[in-house]
Amino acid sequence: MTVTDAVQTHWEASAALRQADPLVADLLSAEAERRADSVQLLAGENLVSPAVLAALGGPLVDKYAEGYPGHRHHTGCAPADTVEVLAVDRACQLFDAPHANVQPRSGTSAMLAAYAALLRPGDAVLALSLEHGGHLSAGSRSNFSGRWFDFVGYGVREDDGLIDLDQVRELAHRHRPKAIIAGGISYPRHWDWAAFREIADEVDAYLIASAAQTTGLVAAGAAPSPVPYADVTVAATHKLLRGPRGGLLLCTAELADRIDRAVFPFCQGGAAMNEVAGKAVALAEAATPEFAAYIGRAVDGARALAAALGESGARPMTGGTDTHLVTVDVSPLGLSGLEAERRCAAAGVMLGKCALPYDPAPPTEASGIRLGTGTAAAQGMGEEELGEIGRLVGRLLGDGTDGAVRSRIQELARAFAGRR
Ligand SMILES: *Cc1c(COP(=O)(O)O)cnc(C)c1O
């Protein structure tokens, strides 16, 4: 398949757009071409299915439907109501959850709503520290979370990189937080939700699972579900779940009203009903055997990637992965995370630099890189291809000047481009 074919399949250039705004049409073509020509290993990215894409571009894009099904502030909401009820029912069924809210526009606004439902400004919250892989919505000073709540951070152990549950317990008893947050953006291992529940119960705190990164793994049964343990689970639909960019809240029956009121009208006005339709489609797709097979490729591929990078002399954090995420220390190869990111991007591999726990380097340089296999697995890559990509990345990080590596990467990218 040529790059042009791939671009054609990847993004059907709309005649109306090309005519009305050739500048934007050209930019979208350039983006499709950039993607077709490189391997995407950015941890939070994925590809929506053609059906999700169709729902996103469908007629609900124009519909105002403030409120909830049956209680809208706008007329003409019958189809929109049914779509939202479907999305909610599918979410409840897929995650075996008593209640779901499908309206949050992003993972971060879903976090905001979870806090709004459970906390008051000034409350203490215990969460994975940002330096150890917490998301900015769990206590960054530049985010509402760190400004409005009093965050205390736990971390991972320096020797094995695993969550230090003894420290979590000790901090919980010392600070008596109103809520404990379990979850993060770069931790490659499964979370022990039951242990967090136990600690939360000891200090009478709410447990919020910040599970945006791994939502698709949980859907496929490839990671333990936080839903039976957490009061509120904050999920995302655009990462491993392959749905529209957005958030998803799952909670207990008791908290259902508080969560709904926290999303609307506290945090948001009208929901994006085309996104809600796309979420409904993605949630049904996530219950299929094809989805389970894709998740299997993502996890097997991540293991192969981590093993290959380890053999090249980089150091996979925690020694490997249970998920689609791989975080590796590249400092043993004598380069920074920033340099590794640049070198890989120049050769057509898109991944992100990443500050590591106990990182001696400044955050702008960092000592690590973070990779995720969601997009590659959605395109059909598995253990074999991702293992090979790991070896190619290892060579890039070793001497960085290998022309043969660049052409092999391009060959792989083009072979899988346009698939979704
Ligand atoms: C991706 C992610 C978010 C934020 O999602 P956005 O949609 O970018 O706001 C929040 N928390 C965690 C743990 C995430 O992985």
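Residues numbered from 1 in each chain as written. Predicted model: local features only at pLDDT ≥ 70, side-chain atom pairs only at ≥ 80, totals over all residues. Heavy atoms only, no water.

**Notes on the overall build of the protein chain**
Then, number 1: When helices and strands are tallied, the protein chain shows 17 helices and 15 strands.
Then, number 2: Per-residue burial for the protein chain yields a buried fraction of 58% across its 420 residues.
Then, number 3: Of the contacts formed within the protein chain by residues at least 6 apart in sequence, a portion of 70% connects residues at least 24 apart.
Then, number 4: Just so you have it, the protein chain exposes about 17,300 Å², and 52% of that area is on carbon and sulfur atoms.
Then, number 5: Computed over 37 positive and 50 negative side-chain charges, the inter-centroid distance for the protein chain is 3 Å. (Helix = DSSP H or I, 4+ residues; strand = E, 2+ residues; numbered from the N terminus. Buried < 20%, exposed > 50% of the residue type's maximum accessible area, 1.4 Å probe, protein only. Contact = heavy atoms within 4.5 Å. Areas by Shrake-Rupley, 256 points an atom, 1.4 Å probe, with all protein chains shown as cover. Lys, Arg positive; Asp, Glu negative; His and termini not counted. Charge placed at Lys NZ, Arg CZ, Asp CG, Glu CD.)

**Here we look at the UniProt feature "modified residue: N6-(pyridoxal phosphate)lysine" (unreviewed entry) in the protein chain**
Then, number 1: Those residues carrying the UniProt feature "modified residue: N6-(pyridoxal phosphate)lysine" (unreviewed entry) are K239 in this numbering.
Then, number 2: Relative to the helices and strands, K239 resides in the loop between β9 (232-236) and β10 (247-251).
Then, number 3: If we ignore the near neighbours within four places in the chain, the residues touching K239 are G44, N46, A212 and Q213. (UniProt positions renumbered as here; feature names shortened; annotations may be inferred.)

**Some points on the packing of aromatic side chains**
Then, number 1: Applying the stated criterion across every chain, the model contains 10 aromatic pairs.
Then, number 2: Ring centres of F144 and W148 lie 5.9 Å apart, and the angle between their planes is 50°; this geometry places the pair in the tilted category. Pair noted here: F144 and W148 are both in helix α7 (residues 144-148), with a separation of four residues, about one helical turn.
Then, number 3: F144 gets classed as buried once you look at its relative accessible area, which sits at 15%. (Phe/Tyr/Trp six-rings, centres within 6.5 Å; stacked < 30°, edge-to-face > 60°.)

**Some words on the domain arrangement of the protein chain**
Then, number 1: As far as domains go, the protein chain holds domain 1 (59-285) and domain 2 (290-416).
Then, number 2: Placing the centre of domain 1 and that of domain 2 at their C-alpha centroids yields a distance of 28 Å.
Then, number 3: Contact residues are listed per partner, giving 25 residues for domain 1 and 23 residues for domain 2.
Then, number 4: Interface area for domain 1 against domain 2, summed over the two sides, is near 2,000 Å², with a carbon-plus-sulfur share of 62%.
Then, number 5: Three residues stand out in domain 1 for area buried against domain 2, namely P188, R189 and L240, and they jointly supply 30% of the buried area on that side.
Then, number 6: Here domain 1 and domain 2 share one salt bridge between them.
Then, number 7: In terms of residues, the side of domain 1 that touches domain 2 owes the most to one element, helix α10 (residues 215-219), which gives three residues.
Then, number 8: Classifying every residue of the side of domain 1 that touches domain 2 by side-chain character gives 11 nonpolar, seven polar and seven charged. (Domains from an automatic or database assignment. Buried area = accessible area lost by both parts, 1.4 Å probe. Salt bridge = Lys/Arg side-chain N within 4 Å of Asp/Glu carboxyl O. Nonpolar A, V, L, I, M, F, W, Y, C, P; charged D, E, K, R; others polar.)

**Structural notes on the sheet that holds strand β14 (residues 352-354)**
Then, number 1: One open sheet accounts for four strands, arranged β11-β12-β15-β14; its pairing is antiparallel. The open sheet has two edge strands with one neighbour each: β11 (315-316) and β14.
Then, number 2: Summarising the sheet, β11 and strand β12 (residues 325-329) pair through two bridges and their orientation is antiparallel. Bridging from a neighbouring strand, P316 pairs with V328 of β12. (Pairing = 2+ DSSP bridges.)

**So, the UniProt feature "binding site: (6S)-5,6,7,8-tetrahydrofolate" (unreviewed entry) in the protein chain**
Then, number 1: As recorded in UniProt, the feature "binding site: (6S)-5,6,7,8-tetrahydrofolate" (unreviewed entry) lies at L130, G134, H135, L136 and E254. In summary, the annotated positions, distributed over 125 residues, remain apart in three dimensions as well, the widest C-alpha pair reaching 30.6 Å.
Then, number 2: Within the fold, L130 resides in the loop between β5 (124-128) and α7.
Then, number 3: Residues contacting L130, with those up to four places away along its chain left out, are H135, L136, A138, G139 and S140.
Then, number 4: Classification of E254 as exposed rests on a relative accessible area of 73%.

**Here we look at the nonpolar core**
Then, number 1: Grouped together as the largest cluster of nonpolar side chains are 40 residues, with contacts concentrated most on F95, L248 and L250.
Then, number 2: Going through the elements one at a time, α5 (78-95), α10, β10, α12 (273-285), α13 (289-311) and α15 (374-378) are the ones with two or more residues in this core.
Then, number 3: Per-element tally for this core: the top contributor is α5, with eight residues.
Then, number 4: A domain-level breakdown of this core finds at least three residues from each of domain 1 (59-285) and domain 2 (290-416).
Then, number 5: Discounting chain neighbours no more than four positions away, the residues touching L250 are A91, F95, A97, H99, A100, V227, D231, V232 and T233.
Then, number 6: Grouped together as the second largest cluster of nonpolar side chains are 31 residues, L305, V328, I369 and L386 included. (Core = buried A, V, L, I, M, F, W, Y, C linked by side-chain atoms within 4.5 Å.)

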